[in-house]
Amino acid sequence: MSYDAAIIGAGHNGLVAACYLARAGLKVVVVEKNDWIGGAAVSRELHPGFTYSNCSYVCSLFRPEIMRDLELPKYGLQVLPYEGGAVFTRDGGYLAIFRDHDANRREFARYSPRDAEAYDRYSRDIMRHCRFIRPLLMRTPPDPATFRPRDLAELAWLGRKVGEMSESQICDMIRFWTMSISDFLDEHFESPVIKAYLAVSAIIGTALGPMSPGSAYVLLHHYMGDVDGNVGAWGFARGGMGAITQALTASLRASGGEVRTGKGVEQVLVRNGRAVGLRLDGGEEIAAKRVLSNMDVKRTFLKHVDRDELPPDFTRRVERFKTRGSSGKLNIALDAAPHFPALPEGAPMLKGDLHFTDSVERMERAYDDWKAGRFSRDPFQDTMIPTMIDPTMAPPGKHFMSCFIQYAPPKIDGRDWTDADRDAFGQTVIDQIAEYSPGFKDRVLHAEIRTPRELEAEVGLTEGNIFQGELTFDQLLFNRPVPGYAQYKTPIRDLWLCGSSAHPGGGVMGAPGRNAAAEILRDTRAPTEMREAYAVV
Amino acid sequence: MQSFDAIVIGGGTNGMACATRLTKGGKRVLLLDAADRPGGAAIGGDGASGASQMPLAHLLMMLDPRVHAGMDLDQHGFSYAATDLATTALSATGDHLVLEGPAGASLSGSLSDTDRDAWATLRKRLLTYAEALVPFRALTPPRIARKAGNDMLGLAKIGLGLRRLGRDEFREFLRLFLINVADVLEDDLTDERLRGVLAFDAVLGSWLGPRSPNSLLVYLNRLAGEAAGTRAALALPKGGMGTVADAMARSAAASGVTLQSGARVERILIEDDRATGVVLTTGETYRAPTIVSAAGPKQTLLELVGARHLDTGFVRHTRNIRSRGGAAKLHIALTARPDFRGADLATRLVIAPDINAVETAFNATKYGEVPERPVMEIVIPTAHEGAGADDPHLLSAIVQFAPHDPRDGLDKARKQMLANTLGVLEDHAPGIGGLISESELLMPQDIEARYGMAGGNWHHGELSVEQMLFLRPFADVAQYSTPIAGLWLASAGSHPGGGISGAAGWNAAERILSRVAA
Amino acid sequence: MKDLRHHFEAPLRTTAFHERIAAANVLNEWAPWAGYTTATVLEDAETEYTAIRNTASLYDLCPMIKYRITGSGAVDYLNRLTLRDVSRLPVDAVHYTAWCDDQGKLLDDGTLFRLGETEFLLCCQERHLPWLADSAIGFDVSIRDATDEIAGLSLQGPCTAAVLTEAGFDVSALKPFRIARYPFQGSTLTISRTGFTGDLGYELWIEPGLALPLWDRLMEAGSYCGIRTVGSTALNLARIEAGFITTNADFVPADQAVREDRVRSPYEMALDWMIDFGKGHFNGRRALLKERDTQSGEWAFVALDIEGNVAADHAILYDGRDREIGQVTSAAWSPVTKSSIALAHMRRPYDTKAKGGIWAEIYALRELHYVKLMMKAEIVARPFFAPPRRRATPPGRF
């Protein structure tokens, strides 16, 4: 039996691409090495009665156009917005985050009346940048080094978009893209705690510190979720992040697509320079007119494609693609809700993200550890308790806590992580929480500790990089993953990339999968119902 | 009283270049300098009178060829003691690596052939990109707005130059444009010494570590400089750096510039929203229809002009100019020739054993702390002037990184910085501590106090991507003009930055001459 | 003091007059204003409007943002900040003013109270602390948000002078835009002859602890004429008739505008009469000079009299039937002029030469369906309604 398309990896991007192709009438199969579907967007019962979103943990970036095209709400996806958030300070206080604008302003004013009022202009500036970037997410990047009509037209479109802006706005934008979030925040705010809170989105998932130039852009990447509503609004997927990939799978099956789990791909079959199918672990072969890889670019080409089939220059560039992981994760089953004495009774802060890093300097020092090849001794964590909003994920009265940790390097002092390293890393995180939550350790029923090593072994993210490649300018837009191959095509005909190694990069966004499908459908001239990015009005 | 067409504030290299160019353009120019003698960061003799008499700058690498030729420096006593200076990447074990020729055209020392070849390829690529950027240096930064009076032809030429690199190289240029230098070096090279010295050079004088994105572009900017007619070369003037300043001063005077030293400008006179003159600290007033400030942009706008003459948003932009100096300057007088484990002292000596050493030294300064193991560039001027083994020697070093705003106070930090620096020196030149007769370490705050450079940054504002070209010092004033009619900026804080170059002053003068009617 | 950290329990705060207003607000209609709860309508908007124009009305001004500006450099500072010449504002007087960013685009308008030689109160709609603070660099001045320190009350209507006299505050000599002080229960009541209705009226300023006694005294004194508490709906109607603009209704502050084309200069909002180019440098001066000299303003701000009796809220304006030339920002059916009135942005030069006539495209929601109306409009002078009583001193007795 032959398929029109075989997709390697049942992560969200592989499934999105598969859905679009299936809806266009192609016969598709998605092949997943794990026994479960979802890649890094999964809900797994790793402790009896508890559902863990054990990789990705929030839903914010997923493109609403894709949700609509693929009818994900119909197939069961519900997103619940955060209701609060807090940064705990070392002096026993906290900065709370509220959805209500006035409550939030007065909270900021506890730290700085000036910052409270500066926040509006800051949000306005960020929104301006988002409005420029957002339409680019759902477009194939042009190749600025060719004179192909399509590339020239796309460059001209970009030029017009820039041309619509005033000179000062363009300059602001260029500065913003190239500067560090720390410098950017210094221009707006004076309170270290407020700056620490706002810097969070600029470092999550990256191998940059808040003082690294280019980190301000990363903030944008995380804020593009809901541009015309709340800037940077984040939410939980009900039932855990697996709800997203479950809905995608249901949508795919309804269009006649297949998903096969439990067997990974050993090799992409290439004949006469064209991809013609897959050989699975154990030798079984699947014939397909084209192959899409949802694996990162390094894993795809360095492990599953015959090197002889690739131009040496391409392979060299793939080898140099930067995928240094920077984060780890603790997934914790709790016997009871943790108690944070700093918070007033009845406060909504636990229904959102919790941070224990109250200055940009502490974040940057945590990054210095990463650069030196060790995990942060005073780590930054983005921690939440989804069960505060979504009780389906734990038995009654008990809670699931997700702790996203930075920084954790791909290697410790140049060698592989050991189990002892991993446990010490986990202990550091739990100790940090316990400083703010007495009795916390006694409530821990189970903790899954994940370092870049575990992330690579289970999900296949090279070096544990959650974005399938770092988000610095040398690896964005037409540079992602490799200059000249930023349009989802690869040097091997009929082999395509559809994962986050491709534009526009990582996060549970779905855009790379959708854009790859768009390119394939353009290539095959198949009729398609694919929504363009919603216009920014 | 003599009347002038223009007053130039600040007699450093940029001020002198600007004043001379204006004079050659037919203006009667008064040049006011606060110090006893002109020269700014290049002031100082051969250090014969001791360590404290040594100039801030100790090498030439950015001297603008227009300035060199246009000011006839060779006719005014300027010549080179050494051109195409080699660099020795010092090893604590004596296994030095010597980079000869401009930007390490050839390497001598123990090194694998793979690394030699890889460096040759990378060097060629970087120099090609740097070459493509060279024309920008002599240009008033373009404005982004349409119909803004840009030199479209000039810009088109530069753009075409980049495209002429060929498709693959153009792509590679776009990839490398904002990358961090460490990744590039680690991708291509394996030798720690080589990577260390290149990483050091890339971030020299900046407030970036080699792992900071955008650091490669700062390196390209360095490679776009030239000395003695050779791109990316280093040179040492005969008689010390002070001779550059002296030659420029003589040239300025010869061309007709009226030079007044010891004249500290207290404020710029603004009348009816026009700059009309300057008032000195002595109360003396000079008037001219054109006022050019080669003092840093922050100082010019906030202190000499004053916020009340400016708009609030503009004041914000001015205050947001980042000007963190990350380098300290060490001057040592030695009783005899030091021994850096056999290294040739007539080369530039660099102590930066690997990339991480540079990065780790930078880490500390982010928090206002002093690095335990600073990295540094050493020049021994006396070694170029034929001093013998038992003769006194002078050592000048740029030591990175030093905090611009030390957490524990300046005095404590300076002491710690000196101790840590001498510790590193001792490791590389055993016994050097016993030869020291006099030493002086200038922290960024000292440099600010002595030379008026905001934050102690040599460029009067960090040379970083978000403060380059049309964003330097910030967008509103990137074309050397200011919102106040008749007031112009000409310091290193303007495009293309500093480093004993004169380019910013020359560019500003060209702009003024093209914009101000005779 | 209540624990500051518990504001999440009440995102909106109540004002010093809340107790009385809540009791009067039988409809229980509230809306947020700058972080406070304010009544939109208490009983009936039309009756409330009638009180403004015919007897006396009380409106809670507490949420208005107030910055206290003091110091020897206050006059110079305010001259640099705002468009008008503050040195010409006498002590105990008020002027209406506005301020701009570097590009000469409006940040806000407001009233500036000169309480002493070096003491001012700036009242406005939006928050500006970072801008005000950064503008203070280089001036000997201090700026503090005083919104919570002063309870404000607007007493508007033909009978208000009489009501105040009845309450024991003789305002017969108080001229428009002047300030007077009166003892009140051991404290000082400040009264300014200012308002937002274009009618005879006063604004009263008191320490928050005395807000309720003051309220009670005024209600008692005004009972003879049927004094009423009014909500923002009635006040808005009166202010449109008076031709006053409101920030974020008639223009978007330049530092809030996400869309760059939404910002407006004083020339584009008909506020250019405020600009004093002769007073020395002020924010936006260079841009405004250029705008004046090159006539580069793209917009005009106009008052429209529109045929028919349907309020033209947010109507698009046309030259003839198809060329879009502007947008209505505020509109109302005006009871006192018996016409449909509107304030609008209009693209230049159509404010002077709309060849096909000005037409307003109005969508009137009638029983679930929009009725689309194309109504002829005419540019008229502002204010739409300006009774002489508003300026008479001493005020007439009504």
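Keep in mind it's a predicted model, so treat the numbers as computed, not measured.

**Focus on the interface of chain B and chain A**
Listed as interface residues are 36 residues of chain B and, on the opposing side, 36 residues of chain A. Approximately 3600 Å² of surface area, both sides summed, lies buried where chain B meets chain A, with 50% of it carried by carbon and sulfur atoms. Together, Arg-171, Arg-175 and Tyr-367 of chain B form the three largest contributors to the area buried by chain B at its contact with chain A, with a combined 17%. Counting the contacts that link chain B with chain A gives 14 salt bridges. Measuring nitrogen to oxygen at the nearest pair gives 3.1 Å for the salt bridge that ties Glu-187 of chain A to Arg-322 of chain B. Run the count over chain B and chain A and you get 22 residue pairs in polar contact (both at pLDDT 80 or more). Looking at the side of chain B that touches chain A, the elements with two or more residues in it are α5 (167-176), α6 (181-188) and α12 (355-366) of chain B. The element that contributes the greatest number of residues to the side of chain B that touches chain A is α5 of chain B, accounting for six residues. Looking at side-chain class alone, the side of chain B that touches chain A contains 13 nonpolar, four polar and 19 charged residues.

**Quick notes on the domain arrangement of chain A**
Residue and element names in this part refer to chain A. In terms of domain boundaries, chain A breaks down into domain 1 (2-41 + 59-79 + 239-321 + 469-524), domain 2 (108-227) and domain 3 (323-462). Between domain 2 and domain 3, the C-alpha centre-to-centre distance is 27 Å. On the domain 3 side, the residues contacting the 18 residues of domain 2 number 16 residues. Both sides together, the interface formed by domain 2 and domain 3 hides about 1300 Å², and carbon and sulfur atoms give 71% of it. Connecting domain 2 to domain 3 are zero salt bridges. Taken together, domain 2 and domain 3 are joined by six residue pairs in polar contact (both at pLDDT 80 or more). Residue contributions to the side of domain 2 that touches domain 3 peak at eight residues, all from helix α8 (residues 192-203). Considering only residue class, the side of domain 2 that touches domain 3 consists of 12 nonpolar, five polar and one charged.

**Points about the sheet that holds strand β20 (residues 495-497) of chain A**
Residues and elements named next belong to chain A. Taken in spatial order, the five strands line up as β10-β3-β2-β14-β20 in an open sheet, and their pairing is parallel. Of all the strands in the sheet, the pair left with one neighbour each is β10 (258-260) and β20. Neighbour to neighbour, the strand axes of the sheet diverge by 20° on average, direction disregarded. As judged from the four bridges shared by strand β2 (residues 5-8) and strand β3 (residues 28-31), these two strands associate in the parallel manner. From the neighbouring strand, Ala-6 faces β3, where its bridge partner is Val-29. Against the sheet, helix α10 (residues 242-254) touches β3 and β10, its axis set at about 125° to β10.

Parameters at a glance
- Residues numbered from 1 in each chain as written.
- Chains lettered and ligands numbered in written order.
- Predicted model: local features only at pLDDT ≥ 70, side-chain atom pairs only at ≥ 80, totals over all residues.
- Heavy atoms only, no water.
- Contact = heavy atoms within 4.5 Å.
- Buried area = accessible area lost by both parts, 1.4 Å probe.
- Salt bridge = Lys/Arg side-chain N within 4 Å of Asp/Glu carboxyl O.
- Polar contact = N/O pair within 3.5 Å; in protein donor to acceptor, adjacent residues only side chain to side chain.
- Helix = DSSP H or I, 4+ residues; strand = E, 2+ residues; numbered from the N terminus.
- Nonpolar A, V, L, I, M, F, W, Y, C, P; charged D, E, K, R; others polar.
- Domains from an automatic or database assignment.
- Pairing = 2+ DSSP bridges.
- Axes fitted to C-alpha atoms, helices over the stretch in contact; angles between N-to-C directions.

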